[in-house]
Amino acid sequence: MGGTFDPVHHGHLVAASEAASEFDLDEVVFVPTGTQPFKATRKVAPAEHRYLMTVIATASNPDFTVSRVDIDRPGITFTVDTLGDLTRQRPDEDLFFITGADALNQILTWKSSSELFELAHFIGVTRPGHVLDVAHLPGERVSLLEVPAMAISSTACRERVETGRPVWYLVPDGVVQYINKHQLYRQPLGGAE
Ligand code: ATP
Ligand code: MG
């Protein structure tokens, strides 16, 4: 599951858990992005903070792990490179890429989009307010999954912290404490996504 995870929240965790259950996955690997092509206009928290919050959020689940492939690779993160690295690390495993409806809709604009479908099966999770039209994607390599209504986004969490409102119960307790400890998201946010 790729994401900016700025910060990771319960929507991500529910989506991962639901995908693991529905598709009988052995493990969900959370992959925090490095620099993202579509988010270059917004100031994103340093990768090490996003990585550590994801580790904290997933620590209690034996089937959830976190990978550094994207944050350790210099330059902009492209999903084709993420899947290439994971395939090299796990040559015998079937990869599924869990992604949100918004991202899946953009997939044909991603670098090497035709190669992507050879590297993984794509699971598009839908959340309230996002309509998913996948008619243009190869049906046998893309599945859709509705996750329980979780109208949580990282953007909303950042805005809440910036304006002094609580994020308790939207993100795991340890992530609330990490945000406070490191004073993340206190500055006015950069341009919207
Ligand atoms: P932002 O508000 O900054 O865009 P986000 O909440 O969308 O952040 P990302 O890190 O961009 O978080 O999300 C990673 C993936 O998880 C994306 O593909 C996104 O669509 C999906 N996702 C995010 N929030 C939810 C949610 N509440 N339910 C299901 N999927 C989600
Ligand atoms: Mg998003």
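These lines cover the structure that appears in this document, whether it is placed above or below. On a predicted model such as this, the values are computed, not experimentally measured, just so you know.

Considering the overall build of the protein chain
Part 1: A count of helices and strands for the protein chain gives eight helices and six strands.
Part 2: Reading the secondary structure of the protein chain in the N-to-C direction produces β-α-β-α-β-α-α-β-α-α-β-β-α-α.
Part 3: Among the 193 residues that make up the protein chain, the fraction classed as buried is 33%.
Part 4: The long-range fraction of contacts in the protein chain, counting pairs at least 24 apart against all pairs at least 6 apart in sequence, stands at 69%.

A closer look at the environment of Ile123
Part 1: Looking at where Ile123 falls in the secondary structure, it is placed in strand 5 (residues 121-126).
Part 2: The contacts of Ile123, once residues within four sequence positions are left out, are Ala19, Phe23, Phe96, Phe97, Ile98, Ser143 and Leu145.

Considering the nonpolar core
Part 1: The biggest cluster of nonpolar side chains holds 38 residues, and the ones touching the most others in it are Ala16, Ala19, Val28, Phe30 and Ile98.
Part 2: No other element matches the five residues that helix 1 (residues 10-22) contributes to this core.
Part 3: If near-sequence neighbours (up to four positions away) are discounted, Ile98 is found in contact with Met1, Ala15, Ala16, Ala19, Ile123 and Val125.

Section: the packing of helix 2 (residues 47-58) against helix 8 (residues 173-181)
Part 1: Where helix 2 meets helix 8, the axes come as close as 8 Å, and the angle between the chain directions of the two elements is 150°. As far as their axial angle goes, helix 8 and helix 2 are roughly antiparallel. Seen from above, helix 2 lies across helix 8 with right-handed handedness. Where helix 2 approaches helix 8, its residues Leu52, Met53, Ile56 and Ala57 are matched on the opposing element by Gly174, Val175 and Tyr178.
Part 2: A class-by-class count of the residues in the contact of helix 2 with helix 8 yields six nonpolar, one polar and no charged.

Let's talk about the site of ligand 1
Part 1: Around ligand 1, 20 residues are found, and the nearest of them are Gly3, Gly11, Gly100, Ser154 and Thr155.
Part 2: When residues of the shell around ligand 1 are traced back to their parent elements, those giving at least two are helix 1, strand 4 (96-100), helix 5 (101-105) and helix 7 (154-162).
Part 3: In terms of residue count, the dominant contributor to the shell around ligand 1 is helix 1 (three residues).
Part 4: Classifying every residue of the shell around ligand 1 by side-chain character gives seven nonpolar, nine polar and four charged.

Considering the sheet that holds strand 1 (residues 2-3)
Part 1: Taken in spatial order, the three strands line up as 1-2-3 in an open sheet, and their pairing is parallel. Sheet topology places strand 1 and strand 3 (64-66) at the edges, where each strand pairs with a single neighbour.
Part 2: By the bridge criterion, two bridges tie strand 1 to strand 2 (residues 28-32) in an arrangement that is parallel. Counterpart to Gly3 in the pairing with strand 2 is Pro32.
Part 3: Where helix 2 meets the sheet, its contacts fall on strand 2 and strand 3, and the angle it forms with strand 2 comes to roughly 160°.

Some points on unusual backbone geometry
What you tend to see is this: most non-glycine residues have negative phi, and most peptide bonds are trans.
Part 1: With an omega dihedral of 0°, the bond running from Asp6 to Pro7 counts as a cis peptide bond.
Part 2: Tracing the chain through its elements places Pro7 in the loop between strand 1 and helix 1.
Part 3: For Phe5, which is not a glycine, the phi torsion comes out positive at approximately 50°.

Re helix 4 (residues 79-89)
Part 1: Of all the positions in helix 4, only Thr79, Thr82, Leu83 and Leu86 are classed as buried. Seen end-on, helix 4 carries its buried residues on one side only, within an arc spanning 90°.
Part 2: The secondary structure elements touched by the buried residues of helix 4 are strand 1, strand 2, helix 3 (69-72), strand 4 and helix 6 (113-119).

Cut-offs applied
- Residues numbered from 1 in each chain as written.
- Chains lettered and ligands numbered in written order.
- Predicted model: local features only at pLDDT ≥ 70, side-chain atom pairs only at ≥ 80, totals over all residues.
- Helix = DSSP H or I, 4+ residues; strand = E, 2+ residues; numbered from the N terminus.
- Buried ≥ 20, exposed ≤ 12 C-beta atoms within 10 Å, placed from the backbone.
- Contact = placed C-beta atoms within 7 Å.
- Core = buried A, V, L, I, M, F, W, Y, C linked by C-beta atoms within 7 Å.
- Axes fitted to C-alpha atoms, helices over the stretch in contact; angles between N-to-C directions.
- Parallel < 35°, antiparallel > 145°, perpendicular 65-115°, else oblique.
- Left-handed = near helix turned anticlockwise from the far one by under 90°.
- Nonpolar A, V, L, I, M, F, W, Y, C, P; charged D, E, K, R; others polar.
- Near = placed C-beta within 6 Å.
- Pairing = 2+ DSSP bridges.
- Arc of directions from axis to C-beta.

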